[in-house]
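The lines below spell out each chain.
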Amino acid sequence: MIIKNVVCPFCGSLCDDLTVEVEGNEIKNVDNTCKLGYNKIVGYSHGRIEAPLIRDKEGLKEISYDKAIDEAAKILCNARRPLMYGWSSTTCEAIEKGIELAIKIGSLIDQTATVCHGPTTLGIQEEGKPSCTLGEVKNRADLVIYWGCNPFHAHPRHMGRYSTFTKGYFTNKGRKDRKIIVVDVRESDTSKVADIFLKIEPGSDYKIINALTSIIIGNGDILPEEIGGISKDRLEYIAGEMVNANFGIVFFGLGVTMTGVKDKNIGSLSRLVKELNRNTKFSLMPMRGHYNVSGAGNVFTWLTGFPYAIDLSRGYAYYNPGETTANDVLARKEVDAILVVASDPVAHFVNPSIRRLAEIPLIAIEPYTSATTELADLIIPVAISGIEADGTAYRMDEIPIRVKKFIDSKFKSDLEILTDIINRIDRYE
Amino acid sequence: MKRLEVVLLTGSTIRQGMVIKGGRKLTEEYKIEAAYCLLNPKDYEKLGRPEKVKVKTDYGEVTVFARADECMFEKEVFIPRGPWANVVISPETMGTGSPMYKGMKATVESSEDDVLESRQLFEGFVKRY
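Residues numbered from 1 in each chain as written. Chains lettered and ligands numbered in written order. Predicted model: local features only at pLDDT ≥ 70, side-chain atom pairs only at ≥ 80, totals over all residues. Heavy atoms only, no water.

K.L.:
Help me get a handle on the overall build of chain B, residues and values and all.
P.N.:
Across its full length, chain B carries five helices and six strands. Counting helices and strands in the order they occur from the N terminus, chain B gives β-α-α-β-α-β-β-β-α-β-α. Over its C-alpha atoms chain B spans a radius of gyration of 15 Å, differing by no more than 12% from the 14 Å that the globule rule assigns to 129 residues. Dimensions of chain B, computed from C-alpha atoms along their principal axes, come out at roughly 45 × 35 × 30 Å. (Helix = DSSP H or I, 4+ residues; strand = E, 2+ residues; numbered from the N terminus. Rg over C-alpha atoms; globule rule 2.2 N^0.38 Å.)

K.L.:
Give me the overall build of chain A: which residues, what numbers.
P.N.:
A tally of helices and strands in chain A yields 17 helices and 21 strands. Against the compact-globule benchmark of 22 Å for 429 residues, chain A has a radius of gyration of 23 Å, which places it among compact chains. Relative to its full complement of 429 residues, chain A shows a buried share of 64%. Averaging the locations of the 51 positively and 56 negatively charged side chains of chain A gives two centres separated by 2 Å. (Buried < 20%, exposed > 50% of the residue type's maximum accessible area, 1.4 Å probe, protein only. Lys, Arg positive; Asp, Glu negative; His and termini not counted. Charge placed at Lys NZ, Arg CZ, Asp CG, Glu CD.)

K.L.:
Pulling in residues and values, what's your account of the sheet that holds strand β19 (residues 378-380) of chain A?
P.N.:
All names here are of chain A. What the nine strands build is an open sheet, ordered β5-β4-β19-β18-β17-β6-β7-β15-β16; its pairing is mixed. If you trace the sheet from one side to the other, it starts and ends with β5 (59-62) and β16 (318-319), each paired once. Relative to β19, strand β18 (residues 362-365) runs parallel, the two being bridged by three bridges. For A364, the partnering residue across the bridge sits in β19 and is I379. Where helix α3 (residues 92-105) meets the sheet, it contacts β6 (82-86), β7 (108-111) and β17 (337-341), and its direction lies at approximately 170° from that of β6. (Pairing = 2+ DSSP bridges. Contact = heavy atoms within 4.5 Å. Axes fitted to C-alpha atoms, helices over the stretch in contact; angles between N-to-C directions.)

K.L.:
Can you break down the interface of chain A and chain B residue by residue, with the values?
P.N.:
With 62 residues of chain A at the interface, the matching set in chain B holds 44 residues. Interface of chain A and chain B: buried area, both sides summed, is about 4400 Å²; carbon and sulfur atoms make up 61% of it. Taken as a group, R186(A), H348(A) and V350(A) account for 14% of the area that chain A buries against chain B, more than any other trio of residues on that side. Our count for the chain A to chain B interface comes out at zero salt bridges. Summed over the shared surface of chain A and chain B, the number is eleven residue pairs in polar contact (both at pLDDT 80 or more). A per-element tally of the side of chain A that touches chain B places helix α15 (residues 351-359) of chain A first, with seven residues. Here the side of chain A that touches chain B is built from residues that sort into 29 nonpolar, 16 polar and 17 charged. (Buried area = accessible area lost by both parts, 1.4 Å probe. Salt bridge = Lys/Arg side-chain N within 4 Å of Asp/Glu carboxyl O. Polar contact = N/O pair within 3.5 Å; in protein donor to acceptor, adjacent residues only side chain to side chain. Nonpolar A, V, L, I, M, F, W, Y, C, P; charged D, E, K, R; others polar.)

K.L.:
Summarise the sheet that holds strand β9 (residues 179-184) of chain A; cite the residues concerned and give the values.
P.N.:
Residue and element names in this part refer to chain A. With parallel pairing, five strands are arranged side by side in an open sheet as β10-β9-β8-β13-β14. This sheet does not close on itself; its edge strands, each paired only once, are β10 (196-199) and β14 (281-286). Across the sheet, the mean angle separating the axes of adjacent strands is 15° when strand polarity is ignored. Relative to strand β13 (residues 247-252), strand β8 (residues 143-147) is paired through five bridges, and the arrangement is parallel. Its bridge partner being in β13, W147 is matched across the sheet by F252. In the packing of helix α9 (residues 232-244) onto the sheet, contacts are made with β8, β9, β10 and β14, and the angle to β10 comes to roughly 135°.

K.L.:
Lay out the packing of helix α2 (residues 65-78) of chain A against helix α17 (residues 414-428) of chain A with the relevant residues and their values.
P.N.:
All names here are of chain A. The interhelical angle for the contact between α2 and α17, taken along N-to-C directions, is 65°, at an axis separation of 9 Å. The handedness of the crossing between α2 and α17 is right-handed. In this structure, α2 contributes Y65, D66, I69, D70, A72, A73, K74, L76 and C77 to the contact, and α17 contributes E416, I417, D420, I421, R424, I425 and Y428. Here the contact of α2 with α17 is composed, by residue class, of ten nonpolar, no polar and six charged. (Left-handed = near helix turned anticlockwise from the far one by under 90°.)

K.L.:
Which residues make up the side chain of R424(A), and what values do they have?
P.N.:
The topology assignment puts R424(A) in helix α17. Not counting residues within four places of it along the chain, the set of residues in contact with R424(A) comprises D66(A), I69(A), D70(A) and A73(A).

K.L.:
Can you tell me about the pairing of β17(A), naming the residues and giving the values?
P.N.:
Residue and element names in this part refer to chain A. Counting buried positions over the five residues of β17 gives five, a clear majority of the element. Side chains of β17 alternate between two faces, with A337, L339 and V341 and I338 and V340 buried alike. Summarising the sheet, β6 and β17 pair through five bridges and their orientation is parallel. The residue bridging P82 from the neighbouring strand is A337, located in β17.

K.L.:
Break down helix α12 (residues 293-304) of chain A for me, citing the residues and quoting the values.
P.N.:
Residues and elements named next belong to chain A. A rise of 1.5 Å per residue sets the reference length of α12, with its twelve residues, at 16 Å; its end C-alpha atoms lie 16 Å apart and thus fit the reference within 8%. If you check which residues of α12 are buried, you get V293, S294, G295, A296, G297, V299, F300 and T304. Following α12 by one or two positions, G305 adopts a phi angle in the positive range, close to 100°. (Expected span 1.5 Å × (residues − 1).)

K.L.:
Describe the nonpolar core, naming the residues involved and giving the relevant values.
P.N.:
In this structure, L83(A), L39(B), V53(B), V55(B), W84(B) and V108(B) are the most contacted members of the largest nonpolar core, which totals 60 residues. Setting aside its immediate chain neighbours within four residues, L39(B) contacts Y44(B), L47(B), V53(B), A66(B), R67(B), A68(B), D69(B), M72(B), E76(B), V77(B) and V108(B). (Core = buried A, V, L, I, M, F, W, Y, C linked by side-chain atoms within 4.5 Å.)

K.L.:
Go over the packing of aromatic side chains with me, naming the residues and quoting the values.
P.N.:
Residues and elements named next belong to chain A. One pass over the full model with this rule turns up six aromatic pairs over all chains. Here the aromatic rings of Y85 and F349 are separated by 4.9 Å at their centres, their planes lie at 65°, and the arrangement is edge-to-face. With Y85 in strand β6 and F349 in the loop between α14 (345-348) and α15, the pair connects residues that are 264 residues apart, well separated along the chain. An identical accessibility class is assigned to Y85 and F349; each is buried. Measuring from ring centre to ring centre gives 4.8 Å for F306 and Y319, while their planes differ by 10°; the resulting arrangement is stacked. Placement of the pair is F306 in the loop between α12 and β15 (310-311) and Y319 in strand β16, with a sequence separation of 13 residues. Given a relative accessible area of 24%, F306 falls into the partly exposed group. (Phe/Tyr/Trp six-rings, centres within 6.5 Å; stacked < 30°, edge-to-face > 60°.)

K.L.:
Give me the pattern of salt bridges: which residues, what numbers.
P.N.:
In total, this model carries 42 salt bridges over all chains according to the counting rule given. K61(A) is the salt-bridge partner of D56(A), the closest N and O atoms lying 3.3 Å from each other. The exposure class of K61(A) is partly exposed, given its relative accessible area of 43%. One salt bridge in this structure joins K46(B) and D43(B), with 3.7 Å as the shortest N-O distance. With K46(B) and D43(B) both in helix α3 (residues 41-46) and three residues apart, the pair spans about one turn of that helix. A relative accessible area of 40% means that K46(B) is categorised as partly exposed.

By themselves, these figures tell us nothing about what the structure is for.
If you want it as structure tokens, here you go:
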């Protein structure tokens with residue numbers, strides 16, 4: 001059976017034009033996908049955890065699903081300072097249930113943006129985000145700037161579908177109608193297709209963004225002759241390109257978010273875009289990584305008021321990044337139990353945090369063996385959202401898209417497992 | 001032994017993204033795609049064209065395979081994000097919640113140590129009962 005218009009559950013581009021060939025209950029082939037999406041969808045059955053597992057002195061052993069839910073409920077009820085972490089690779093419906101559980105047990109809840117675009121959120125909270133949809137970029141953008149990101153590697157179809165090579169209503173010559181600028185500290189596959197590549201010194205983003213703003217507001221005369229490895233003349237040329245564009249967009253990645261002054265970079269980028277909007281139309285968009293990390297931020301925000309790092313132990317939502325963020329509470333050894341959903345913190349957190357993860361009871365709701373399941377005390381296998389379970393996900397421009405289910409699974413979805421845990425906790429209370 | 005002071009960058013690569021799905025984060029394949037360090041060719045020459053390098057920061061040290069790459073600035077090295085990079089990353093989040101994944105001060109020198117398997121990296125964190 002051929003299923004058309006399947007949504008790819010890999011990155012924040014959320015391409016919705018995949019064609020999947022299913023025979024019986026197996027995926028035979030996927031078309032229109034990038035290498036990343038292909039490997040996730042075709043390799044969905046590889047390395048799966050086949051049954052709920054619990055760890056004792058001898059190692060992991062199989063238990064029944066019912067017993068696993070029981071154990072999970074016990075661990076979460078007995079914890080004084082639980083943390084619930086992950087959420088970016090599951091559906092909004094499951095995330096909503098996660099918040100319900102966090103409120104019930106008075107937990108900290110954090111999502112993967114904390115080690116990704118967290119500082120972006122902080123910058124946006126200070127300065128705002130003049131943004132648009134990817135459809136507008138496709139149809140209108142004649143100047144596309146990639147700053148500190150490498151879509152060729154992290155979002156392989158982004159340039160083809162939305163931003164660079166695609167033809168739109170006002171950009172009907174595709175690539176020829178657009179000017180591409182890449183700003184990065186090293187050459188990348190993305191910089192190779194750019195019209196202009198600004199190779200800047202590491203950590204100089206803040207200086208360069210503010211220098212561009214100065215030029216645009218007419219204060220360029222106070223600038224030195226060279227800033228962050230780029231001559232003033234060249235920056236003036238770039239500023240001219242920006243002001244003269246009909247519709248410009250800055251896509252930025254972790255090269256800006258994670259470097260130097262972090263959230264202040266994003267704040268200054270937002271100010272630059274605001275100033276540009278006095279002259280022309282300009283927008284700003286973070287290149288979100290996991291396919292529903294944007295959804296996690298949105299669901300968290302509409303239910304608690306805050307996008308990540310929320311402490312619900314006080315009976316109301318408390319948010320203070322640096323204090324309530326996952327790596328901070330773990331490194332401080334504050335957390336005494338953790339539930340991980342749709343994420344692999346052991347592979348991506350820093351060592352002091354992993355040391356704490358090894359000391360405390362760790363529940364992993366996870367389809368595959370991963371670094372996190374190596375340290376988990378209780379593993380509950382789950383259906384993969386976007387392949388074996390449907391639901392809502394948010395694209396990087398915060399457009400909700402329904403991800404499909406096209407394979408039946410013997411496992412329950414994140415939503416069903418979280419619901420079962422909540423019901424079990426209710427029974428205890 | 002020659003030791004260089006460098007800026008450490010980490011980030012994702014497409015090849016790494018391709019091999020992680022399906023529980024393959026614990027395989028040899030992942031080690032090949034995530035346990036390496038890109039250096040500017042001049043820096044690579046200065047270190048004596050080593051097969052492996054030890055990257056050290058105030059927080060730890062890790063031995064990974066060395067690769068020369070034209071795309072790097074001098075005094076700048078890149079390790080793909082993942083368990084090897086995380087050994088040397090600072091947990092300081094400066095009030096943002098995000099560790100210093102990019103732009104840390106580090107030193108790099110040639111090394112004869114083995115490149116550890118991802119499982120071995122976690123062995124220091126085994127569960128205590």
